[in-house]
Amino acid sequence: MNDKIRSAEMDQLFKAVLSLETLEECYQFFEDVCTVNELQALSQRLEVAGMLHEQRTYVEIAEKTGASTTTIGRVNRTLHYGNDGYKLVFNKMKKE
């Protein structure tokens with residue numbers, strides 16, 4: 001993980017997320033913690049990452065998600081050079 005973001009406050013945030021047990025609890029918590037725009041941006045990035053993972057084209061992704069090619073490019077770069085967080089989540093979600 002990137003040491004630039006590691007802190008006691010981040011640990012607390014992630015522990016709070018890990019304590020959530022249901023979808024409804026997630027909605028309750030994230031609606032309090034994030035703005036609607038922040039949540040929409042996060043969910044859009046996850047959708048973009050999933051489509052990139054499925055080898056969809058930038059044009060296809062932009063049309064379906066409304067994401068800019070800049071956002072798609074940033075997510076793609078993270079998929080290739082990041083910490084494999086998206087891949088971790090996709091693998092875990094596939095098992096469910």
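Residues numbered from 1 in each chain as written. Predicted model: local features only at pLDDT ≥ 70, side-chain atom pairs only at ≥ 80, totals over all residues. Heavy atoms only, no water.

Colleague: Tell me about the side chain of Thr65, residues and numbers included.
Modeller: Note on placement: Thr65 falls in helix H4 (residues 58-65). In this structure, Thr65 is in contact with Gln44, Glu47, Val48 and Met51, ignoring residues within four places of it in sequence. (Helix = DSSP H or I, 4+ residues; strand = E, 2+ residues; numbered from the N terminus. Contact = heavy atoms within 4.5 Å.)

Colleague: Talk me through the pattern of salt bridges; I want residue IDs and the actual numbers.
Modeller: Per the counting criterion, the structure on display carries four salt bridges. Lys64 is the salt-bridge partner of Glu47, the closest N and O atoms lying 2.8 Å from each other. With Glu47 in helix H3 (residues 36-53) and Lys64 in helix H4, this pair connects stretches of sequence that are 17 residues apart. Looking at Glu47, the relative accessible area reads 31%, which means it is partly exposed. On the basis of relative accessible area, Lys64 is assigned to the exposed category, the value being 55%. Between Glu54 and Arg56 there is a salt bridge; the shortest N-O distance is 3.2 Å. For Glu54, a relative accessible area of 48% gives the class partly exposed. Looking at Arg56, the relative accessible area reads 32%, which means it is partly exposed. Each of the salt bridges in this network shares a partner with another, and the network as a whole consists of Glu54, Arg56 and Glu60. (Salt bridge = Lys/Arg side-chain N within 4 Å of Asp/Glu carboxyl O. Buried < 20%, exposed > 50% of the residue type's maximum accessible area, 1.4 Å probe, protein only.)

Colleague: Please give an account of the packing of aromatic side chains that cites residues and values.
Modeller: On inspection of all chains with the given rule, the structure shows two aromatic pairs. Here the aromatic rings of Phe29 and Phe30 are separated by 5.4 Å at their centres, their planes lie at 80°, and the arrangement is edge-to-face. By relative accessible area, Phe29 is classed as partly exposed at 23%. Judged by centre distance (6.2 Å) and plane angle (15°), the ring pair of Tyr86 and Phe90 falls under stacked. With Tyr86 and Phe90 both in helix H6 (residues 85-95), this residue pair falls four residues apart, about one helical turn. Judged on exposure class, the residue Tyr86 and its partner Phe90 are both buried. (Phe/Tyr/Trp six-rings, centres within 6.5 Å; stacked < 30°, edge-to-face > 60°.)

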